[in-house]
Amino acid sequence: MEGKPPVLSVKGLTTQFIGRKNTSVTVVDGVDLLVKKGETLGIVGESGCGKSVTSLSIMRLLGKNGRVVSGQVEFEGKDLLTLEEKEMRKIRGNRLAMIFQEPMTSLNPVLTIGRQIGEVLQLHTPLGWEERKKRTIELIAQVGIPRAQDIFGEYPHRLSGGMRQRVMIAMAMACHPQLLIADEPTTALDVTIQAQMLTLIRDMRAKAGMSVMLITHDLGVVAEMCDRVLVMYAGQVIESADVRTLLRHPKHPYTMGLIQAVPHNARGKKRLYAISGNVPSPGEWPQGCRFAPRCQEAKPICHTQNPPLLKMKDGSECRCWLHEPIATEEAAEGRDAI
Ligand SMILES: Nc1ncnc2c1ncn2[C@@H]1O[C@H](COP(=O)(O)OP(=O)(O)OP(=O)(O)O)[C@@H](O)[C@H]1O
Ligand code: SF4
Ligand SMILES: [Mg+2]
């Protein structure tokens with residue numbers, strides 16, 4: 001994956017929402033990320049750390065009260081943040097597609113499934129009505145929805161959560177995107193359907209050579225699906241590494257906590273480990289390291305200065321004062337014992 005060119009390159013992405021009394025609150029704070037051709041990048045972190053807002057910023061779908069205040073989002077050589085909305089509409093759903101966290105809010109309840117998938121094809125392809133219908137039915141069948149002909153005429157509320165997720169995938173795949181952003185595509189689904197969804201995304205990736213940015217809470221899904229992982233905390237990237245390095249040699253105390261909290265790591269302990277405390281809300285981030293109030297390793301500097309994201313010798317990146325800028329292999333291994 002090393003030499004592959006990036007499909008998406010995000011630099012310094014900072015997003016704010018207008019809150020109560022018209023004050024701006026920063027929610028995503030200087031995020032850098034790269035997705036290379038054909039790779040799957042995982043984004044993990046607890047609820048509220050800015051995963052969805054990062055992806056909605058990339059797609060330019062923040063809604064009225066949100067805005068990107070600085071940064072660059074380069075996709076296939078174009079800075080998406082400076083494009084006219086008309087140009088952006090040509091890319092969205094076509095070269096760049098997204099599966100949203102809430103399928104019900106992104107499917108239109110008053111339009112049939114066939115019409116909604118057909119509209120994507122109408123917008124981005126020269127296909128006529130008959131051909132669109134044929135292709136739509138094919139897409140519905142491809143994502144494993146039975147009775148594709150009948151489902152074509154159904155409304156979203158008549159389908160189960162799992163089926164609605166499949167419809168979202170069919171819509172996202174309609175134009176063979178170069179990059180699929182999948183925001184928690186399996187959280188609301190039962191285990192069997194979860195596995196089917198992941199297989200579906202993996203198959204599509206293999207067939208189409210597509211890249212994927214996969215947002216998930218589930219480190220099991222990360223281990224199975226991702227090449228590289230980025231860990232977010234309170235609006236920032238706090239660690240990034242290839243998947244094996246991250247899961248075997250995590251460096252940031254927060255990442256270590258997330259890994260320890262995975263059930264199969266409980267090693268027979270009666271109570272499952274949980275990181276104590278909560279993610280601070282945007283607008284209430286502490287002055288120093290944002291994880292300091294929950295960190296068992298915190299030292300005085302942690303409470304006054306937020307550490308920079310530093311490059312480690314093994315190629316990973318970590319935002320923590322425990323690591324020296326030119327951290328040695330030994331130092332990194334020493335940390336693993338904690
Ligand atoms: N439209 C909005 N207006 C104001 N604040 C928002 C809006 N959307 C998100 N936020 C805030 O931005 C922060 C980051 O939210 P985001 O949805 O990106 O979290 P997340 O990491 O995706 O969490 P989850 O795992 O629960 O999906 C949260 O504090 C959230 O309350
Ligand atoms: S910088 Fe300090 S408080 Fe933050 S994670 Fe590292 S040790 Fe913990
Ligand atoms: Mg989210």
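Each remark here, short or long, concerns the structure printed above.
Draft legend 1. Fine view of helix α4 (residues 113-124). Taking 1.5 Å of rise per residue, twelve residues should cover 16 Å, and α4 covers 17 Å from first to last C-alpha, within 8% of that figure. Those residues of α4 that fall on the buried side of the exposure criterion are Ile-113, Gly-114, Gln-116, Ile-117, Gly-118, Val-120, Leu-121 and His-124. In this fold, the buried residues of α4 make contact with α2 (85-91), α5 (129-142), α6 (148-152) and α7 (161-173).

Draft legend 2. Structural detail: the site of ligand 1. Taken together, the neighbourhood of ligand 1 is formed by 15 residues, with Ser-47, Gly-48, Lys-51, Val-53 and Gln-101 sitting nearest. Here an oxygen atom of ligand 1 sits 2.8 Å away from a polar atom, N or O, in the side chain of Lys-51. The contact in question runs from an oxygen atom of ligand 1 to an N or O atom on the side chain of His-217, over 3.2 Å. For the shell around ligand 1, the element with the highest residue contribution is helix α1 (residues 51-59), accounting for three residues. Class assignment for the residues of the shell around ligand 1 results in five nonpolar, seven polar and three charged.

Draft legend 3. Summary view of the sheet that holds strand β4 (residues 66-75). Spatial ordering of the open sheet is given by β2-β1-β4-β5, a layout of four strands whose pairing is antiparallel. This sheet does not close on itself; its edge strands, each paired only once, are β2 (24-36) and β5 (78-79). Direction of pairing for β4 relative to β5: antiparallel, over a ladder of two bridges. Across the sheet, Phe-75 pairs through a bridge with Lys-78, a residue of β5. Along the sheet, α1 makes contact with β1 (6-18), β2 and β4, crossing β1 at roughly 110°.

About the criteria used
- Residues numbered from 1 in each chain as written.
- Chains lettered and ligands numbered in written order.
- Predicted model: local features only at pLDDT ≥ 70, side-chain atom pairs only at ≥ 80, totals over all residues.
- Heavy atoms only, no water.
- Helix = DSSP H or I, 4+ residues; strand = E, 2+ residues; numbered from the N terminus.
- Expected span 1.5 Å × (residues − 1).
- Buried < 20%, exposed > 50% of the residue type's maximum accessible area, 1.4 Å probe, protein only.
- Contact = heavy atoms within 4.5 Å.
- Near = heavy atom within 4 Å.
- Polar contact = N/O pair within 3.5 Å; in protein donor to acceptor, adjacent residues only side chain to side chain.
- Nonpolar A, V, L, I, M, F, W, Y, C, P; charged D, E, K, R; others polar.
- Pairing = 2+ DSSP bridges.
- Axes fitted to C-alpha atoms, helices over the stretch in contact; angles between N-to-C directions.

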